[in-house]
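For reference, the chains in residue letters:
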Amino acid sequence: MEHLDKRDHPLGSVVLTNATLYTGEGVLTDHALWLESGKIKAVLSPGEVPEDIPTRDLNGNWLVPGFVDFQLYGGSSGFLTRDGSVESLRNMRETHLQDGTTTIVPTVYSTTKARILAAAEAIQNYWQEGGPGIAGLHVEGPFISQAKRGAHSEAMVRPPSRAELTELIEKGGDVIKVMTIAPECFDDELLALLKTTDWAISAGHTNASSAQMNAFFDKGFSLATHLYNAMRPMESRELGVVGTIFDRHDVHVSLIADGFHCDFGAIRIAKKLLGDRLFLISDATFAKYQGTRFEFEGFVTNYDGERFTNDEGLLAGSCITLLDAVRNCIQKVGLAPEEVFRMASAYPARQLKMEDRIGYLKPGYAADVVALTPELEIVDIWTTSASLPPA
């Protein structure tokens, strides 16, 4: 079991005592969590703590499941679309782990087929080396709407073809976990091809009408990418993408809570309407970034210390980690901590079909645990050393 704190205590088995546990199913005050061999062995009341196991007193601080980031492009320096390397994956994982994100889904935006496959190969190699904490690949584009491409390179956005999709399925199908597409760019035959995969197919960067979105969702697709952003807005006479998501009961959607991609009031409204179908992503171009400008393959972004924008002033991803999103949702949106922690762990784990392994503090689950103060400062982080390829 990997442990980020340098305190000298055994890693094989430890009981974290005197803590408030946000388990993903409820809140337990003054309880303990027993970690052993990379797993959660038990949730204990104070009188149940074994005398022969090392303990760590958390002084009443919070224990929450490690965060699960469904969409992010880079770390402090590594950038998967450009690098396509194990080294970039390590940097992404290490950067976001500092803020309690224990599972990531590295993402490539609209790029060449070769770069998508290189990213998939890098993740496969990372797994083969025993690398921890990466669940698979998110392919965002290139099969998206030019009208809603945002900061994606115009030259890289293209219509889908059976040949390209088939090759991605054959060569990257075991690694790809999520693909974001514009539904209006796909005919029924190509959507049927996507249904043969185990991927989460998400509607995003789309200018679809409500009729087109309903037709897409009625085929059994149930996911959308970064609510409000790069999607047709709701109008009084046309629900668009946003309104259709709000109007349905079966669609789950991610959201970027960085304070720039959407107003905090818009998050409150979405949460009231969507409940447990709304979850958090960082959408981080980079995090803890030290540069001021990044250019690659037609993608340009400038960093002002608070956000990334391209030369046209459009947002180009975020600079946050999921911990920043959690803080914003609790401290600025006003959502209950228990629910926000689920939005950053249990709900994205469900979309990855990994809710039986991560996202909760329950016996048998991965020992991905974050200790936080009530002010949401990191106290300590534990995470399993096992890799997370598809089970």
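Conventions adopted
Residues numbered from 1 in each chain as written. Predicted model: local features only at pLDDT ≥ 70, side-chain atom pairs only at ≥ 80, totals over all residues. Heavy atoms only, no water. 1 Å grid on protein atoms, 1.4 Å probe; cavity = no way out; pocket = protein on both sides within 12 Å on 5 of 7 lines; lining within 4 Å. Points joined across faces, edges and corners; volume = space filled by probe spheres on them. Helix = DSSP H or I, 4+ residues; strand = E, 2+ residues; numbered from the N terminus. Nonpolar A, V, L, I, M, F, W, Y, C, P; charged D, E, K, R; others polar. Pairing = 2+ DSSP bridges. Contact = heavy atoms within 4.5 Å. Axes fitted to C-alpha atoms, helices over the stretch in contact; angles between N-to-C directions. Buried < 20%, exposed > 50% of the residue type's maximum accessible area, 1.4 Å probe, protein only.

Caption draft 1: Examining empty space enclosed by the protein more closely. Taken as a whole, this structure holds one cavity of 30 Å³ or more when the rule is applied. There is about 40 Å³ of room inside the largest cavity. As for the largest cavity, its lining consists of Tyr22, Thr23, Gly24, Gly26, Pro65, Glu338, Phe341, Arg342, Ser345 and Gly359. Looking at the lining of the largest cavity, the element that brings in the most residues is helix α10 (residues 337-343), giving three residues. Considered class by class, the residues forming the lining of the largest cavity number three nonpolar, five polar and two charged.

Caption draft 2: Geometry of the sheet that holds strand β9 (residues 137-140). The parallel open sheet is built from eight strands, whose spatial order is β7-β8-β9-β10-β11-β12-β13-β14. Edge positions in the open sheet fall to β7 (67-72) and β14 (278-281), since each of these has one partner strand only. Both β7 and strand β8 (residues 101-108) contribute to a ladder of four bridges, which runs parallel. What sits directly across from Leu72, in β8, is Pro106. The strands that helix α6 (residues 210-218) touches are β10 (176-181), β11 (200-203) and β12 (223-224); relative to β11, the one it contacts most, it runs at about 170°.

Caption draft 3: Seen up close, the sheet that holds strand β16 (residues 299-303). Taken in spatial order, the three strands make up an open sheet running β15-β16-β17, and their pairing is antiparallel. Bordering the open sheet on either side are β15 (293-296) and β17 (308-309), each of which pairs with just one other strand. Across four bridges, β15 lies against β16 in antiparallel orientation. Looking at the pairing, Phe296 lines up with Phe299 of β16.

Caption draft 4: Representation of the environment of Ile245 within the structure. Note that Ile245 resides in helix α7 (residues 240-247). The class for Ile245 is buried, based on a relative accessible area of 0%. Residues contacting Ile245, with those up to four places away along its chain left out, are Phe217, Ala224, Leu227, Met231, Val251, Val253, Leu274 and Arg277.

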